[in-house]
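# Chains, contacts and geometry: an overview
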Number of protein chains: 2
Amino acid sequence: MNQIHRVAIVGGNHGNELTGVYLIKKFQQYPHLIHRSSFETLSLLGNPKAIAARTRYIDTDLNRCFNESQLSDVKTSSYEELRAREIQKILQPQNQQSVDVIMDLHTTTANMGLCIILGNWHPLLLKLAADLSAVNPLIKVYIHEQPKGSGFLRSLCNLGFSIEIGAVPQGVLNAELFQQTEKLIYSILDYLENYNQGRNLQENHTLTVYKLIGFVDYPRNEVGEIQAMIHPQLHLKDYQPLHPGDPIFLNFTGEEIFYQGNSTVYPIFINEAAYYEKGIAMHISQKELIQIC
Amino acid sequence: MNQIHRVAIVGGNHGNELTGVYLIKKFQQYPHLIHRSSFETLSLLGNPKAIAARTRYIDTDLNRCFNESQLSDVKTSSYEELRAREIQKILQPQNQQSVDVIMDLHTTTANMGLCIILGNWHPLLLKLAADLSAVNPLIKVYIHEQPKGSGFLRSLCNLGFSIEIGAVPQGVLNAELFQQTEKLIYSILDYLENYNQGRNLQENHTLTVYKLIGFVDYPRNEVGEIQAMIHPQLHLKDYQPLHPGDPIFLNFTGEEIFYQGNSTVYPIFINEAAYYEKGIAMHISQKELIQIC
């Protein structure tokens, strides 16, 4: 069993997602809260300039800058590309121990509750997710596969994952979700501590996951402007089944648009504010019950 | 009775409040929707650069730039100050008829439903508000007194008001609220048409208003950082009574902070994202039942 030596918690990777920002500020003020005896815990604000500007990013989305080409290109000049390289140097310093775990804190305007987003199927992450979601059924597990260095911060290491909390508007703190997120972080740190100490008390051998299978964009006109809104029946219905023929959008003149897929799927990230510009109205997932060894 | 000749509907005064933006785009595509026989209706996007950037503003809040000194200062250089002067020239052209009515469309992350914000006590606005709120009890009326030229777009004319819709995150469309806002706009245009034609069918002679009496800021530290969040019991409770001693904030270590006022008040704009930087956690209002002649 490989021991975990260093854990990083990052908040404010997106500057207008305040839950992570204020949790990191709290952890930096009270470091004992995230201290565990068997590993070192770093806490880090991802995008200080965007946090100060109360915006997602300054030049480009920081959480798409952690790919091999951008990280190795010394000629990069956007603020976020430079910041991505700084963060990589902090988390993976040359000639020193890299972090083993990255926990990246996000919020979404979608109704995703407390979601753990895994970029790979690492057995330890699945066990962690299975145990946490068994204790707290509000926790959902979303598998959005990303190869190492695909651009997301969490892809920097095998044990990287995001915590995605919603629904929270950009630029807003929701006290209840703040406290639930904080509790979830402590549960994860405790789990890793138990893991290091061989006291891994896994009791849950099945796990429900939502696995990304595609994206749906808004209907758009020839110049890319959206022509419809999320249908009221789908609004806030993340993780709920969407059947072929179900209403999915409502256009501005009140006409319904129906889901054209061939099978039942489970939309996630429905109506996320930051995804309008990315051409994503929602992620589409499959719901699967998997066995954990 | 003074006739109404020109009515302006403005959306996207704040670029990330999408309901107004897409309603204006709809009205510009289908102008017959806002056409009425007895007056001209203009529709206008307030802040095109901020709309394109999906942000509230570029340099400064456009909806604080409509004051005498900024509008008359030809040396102003911020994008929004220049844009405010452009808008003034459109709405109040020299040697031509100024608009008589300004309807300024906004959204808020606060749970304000369908709110009409009046900057003054003009009898026609009160009658309009009384009749509309009698027909649709979801409509609330908020009096936020502002002298002419105080900085808000609606203060440019006596019959200026805002429509404030929420809760909607910044950068997000909510189909149901979009349709309710659209319907409200048509009701207002119909009301003005009836007024012009002497068919003013006022049946409601009382009106409940929420009248601004002050602001409450978040607790902050010496460098201005917020130290607490809106209390979960107050979250989304706009227009509900807040009594002395009721919990109002929760700080980051979980301690409750209680309302210190001497009398029961009615908070509005609770947890509006854009007001964190303005030093406003909520507006405080008095609830009053007024008589309309």
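From a predicted model like this one, the values you see are computed outputs, not experimental measurements. (Residues numbered from 1 in each chain as written. Chains lettered and ligands numbered in written order. Predicted model: local features only at pLDDT ≥ 70, side-chain atom pairs only at ≥ 80, totals over all residues. Heavy atoms only, no water.)

Listed by partner, the interface residues are 32 residues for chain A and 32 residues for chain B. Counting the surface lost from both chain A and chain B, the interface buries some 2,700 Å², and carbon and sulfur atoms represent 63% of this. Summed over the shared surface of chain A and chain B, the number is 2 salt bridges. Linking Lys25(B) and Glu225(A) is a salt bridge whose minimum nitrogen-to-oxygen distance equals 2.7 Å. The tally of links from chain A across to chain B stands at 10 residue pairs in polar contact (both at pLDDT 80 or more). Sorting the residues of the side of chain A that touches chain B by element identifies helix H1 (18-29), helix H6 (175-196) and strand E10 (228-230) of chain A as the ones contributing at least two each. The element best represented in the side of chain A that touches chain B is H6(A), accounting for 5 residues. (Contact = heavy atoms within 4.5 Å. Buried area = accessible area lost by both parts, 1.4 Å probe. Salt bridge = Lys/Arg side-chain N within 4 Å of Asp/Glu carboxyl O. Polar contact = N/O pair within 3.5 Å; in protein donor to acceptor, adjacent residues only side chain to side chain. Helix = DSSP H or I, 4+ residues; strand = E, 2+ residues; numbered from the N terminus.)

On to the UniProt feature "binding site: Zn(2+)" (unreviewed entry) in chain A, then. Residues and elements named next belong to chain A. The sites that UniProt annotates as "binding site: Zn(2+)" (unreviewed entry) are His14, Glu17 and His106. Maximum C-alpha separation among the annotated residues is 7.4 Å over a sequence range of 93 residues, consistent with a single clustered spot. Topologically, histidine 14 is positioned in the loop between strand E1 (6-11) and H1. On the basis of relative accessible area, histidine 14 is assigned to the buried category, the value being 3%. Residues within four places of histidine 14 in sequence aside, it is in contact with Thr55, Arg56, Asp61, Asn63 and His106. Topologically, histidine 106 is positioned in strand E4 (residues 101-107). Here glutamate 17 takes part through its side chain, which lies 3.1 Å from a polar atom of the side chain of histidine 106. (UniProt positions renumbered as here; feature names shortened; annotations may be inferred. Buried < 20%, exposed > 50% of the residue type's maximum accessible area, 1.4 Å probe, protein only.)

On to empty space enclosed by the protein. All names here are of chain B. A full pass over the atoms with the stated rule returns 4 cavities of 30 Å³ or more. Residue lining of the largest cavity: 17 residues in total, with Arg64, His106, Glu164, Phe269 and Tyr275 positioned closest to the centre. Contributions of two or more residues to the lining of the largest cavity are made by strand E4 (101-107) and strand E8 (159-166). Taken together, the residues of the lining of the largest cavity break down into 4 nonpolar, 7 polar and 6 charged. (1 Å grid on protein atoms, 1.4 Å probe; cavity = no way out; pocket = protein on both sides within 12 Å on 5 of 7 lines; lining within 4 Å. Points joined across faces, edges and corners; volume = space filled by probe spheres on them. Nonpolar A, V, L, I, M, F, W, Y, C, P; charged D, E, K, R; others polar.)

Residue and element names in this part refer to chain A. Strand order in the open sheet formed by 9 strands is E2-E1-E4-E8-E5-E6-E9-E14-E13, with mixed pairing between adjacent strands. The outermost strands of the open sheet, each flanked by one partner alone, are strand E2 (40-45) and strand E13 (266-268). When strand polarity is set aside, the average angle formed by the axes of neighbouring strands in this sheet is 30°. When strand E6 (residues 139-143) meets strand E9 (residues 206-216), the two strands line up parallel, connected through 2 bridges. Looking at E9, one finds that tyrosine 142 is bridged to tyrosine 210. Here H6 sits on the sheet in contact with E1, E2, E4, strand E5 (113-118), E6 and strand E8 (159-166), set at roughly 160° to E8. (Pairing = 2+ DSSP bridges. Axes fitted to C-alpha atoms, helices over the stretch in contact; angles between N-to-C directions.)

A few words on the pattern of salt bridges. Residues and elements named next belong to chain A. Under the defined criterion, the tally for this structure stands at 22 salt bridges over all chains. Arginine 64 serves as the salt-bridge partner of aspartate 61, at 3.9 Å between the closest nitrogen and oxygen. The exposure class assigned to aspartate 61 is buried, which follows from its relative accessible area of 4%. The exposure class assigned to arginine 64 is partly exposed, which follows from its relative accessible area of 25%. Within the structure, one salt-bridge network assembled from shared partners comprises Glu17, Arg56, Asp61, Arg64 and Lys278.

For the pair of chain copies, the relating operation is a rotation around an axis with a shift along it. Mapping chain A onto chain B calls for a rotation angle of 180° and an axial translation of 0.0 Å; the resulting RMSD is 0.0 Å. A rotation of that kind, with that shift, is consistent with a two-fold axis. For chain A, the minimum C-alpha distance to the rotation axis belongs to Pro169(A) and amounts to 2.3 Å. Both copies contact each other with a shared surface, as 100% of the interface residues of chain A are interface residues in chain B too. (Least-squares fit on C-alpha atoms with pLDDT ≥ 70 in both.)

So, about the side chain of Asn251(B). By secondary structure assignment, the location of Asn251(B) is in strand E11 (residues 247-251). Residue classification places Asn251(B) among the buried positions, given a relative accessible area of 13%.

Residues and elements named next belong to chain A. Where H1 meets H6, the closest approach of the two axes is 10 Å, and the angle between their N-to-C directions is 55°. Regarding the angle of H1 to H6, the classification is oblique. Seen along the crossing, H1 lies across H6 with a hand that is right-handed. Contact residues: H1 offers Thr19, Tyr22, Leu23, Lys26 and Phe27, while H6 offers Phe178, Thr181, Glu182, Ile185 and Tyr186. The residue inventory of the contact of H1 with H6, partitioned by class, reads 6 nonpolar, 2 polar and 2 charged. (Parallel < 35°, antiparallel > 145°, perpendicular 65-115°, else oblique. Left-handed = near helix turned anticlockwise from the far one by under 90°.)

Under the defined criterion, the tally for this structure stands at 18 aromatic pairs over all chains. When the ring of Phe178(A) is compared with that of Phe252(B), the centres are 5.3 Å apart and the planes differ by 40°; the resulting orientation is tilted. Of this pair, Phe178(A) sits in helix H6 while Phe252(B) sits in the loop between E11 and strand E12 (256-258), placing the two residues on different chains. Judged by relative accessible area, Phe178(A) falls into the buried class, the value being 0%. By relative accessible area, Phe252(B) is classed as buried at 12%. (Phe/Tyr/Trp six-rings, centres within 6.5 Å; stacked < 30°, edge-to-face > 60°.)

In this sheet, strand E14 (residues 282-291) of chain A lies alongside E9(A) in antiparallel orientation, the contact comprising 10 bridges. The residue of E14(A) that forms the bridge with Thr208(A) is Leu289(A).

Size it by volume and the largest pocket reaches roughly 700 Å³. For the largest pocket, the lining is made up of 25 residues, of which Arg54(A), Thr55(A), Arg56(A), Arg54(B) and Thr55(B) are closest to its centre. Within this model, the second largest pocket holds a volume of roughly 480 Å³. Residues of the lining of the second largest pocket, tallied by class, amount to 14 nonpolar, 10 polar and no charged.

Residue and element names in this part refer to chain B. Tracing the sequence through the fold places serine 150 in strand E7 (residues 150-151). For serine 150 and phenylalanine 66, which are 84 residues apart along the polypeptide, the C-alpha to C-alpha distance reads 6.6 Å. Excluding anything up to four places from it in sequence, serine 150 contacts Phe66, Asn67 and Ser155.

Further remarks concern the sheet that holds strand E11 (residues 247-251) of chain A. All names here are of chain A. With antiparallel pairing, the 3 strands of this open sheet are ordered in space as E10-E11-E12. This sheet does not close on itself; its edge strands, each paired only once, are E10 and strand E12 (256-258). If you compare each strand with its neighbour and ignore which way they point, the axes differ by 35° on average. As defined by bridge partners, E11 adjoins E12 across 3 bridges and the pair is classed as antiparallel. Of the residues in E12, the one forming a bridge with phenylalanine 249 is isoleucine 257.

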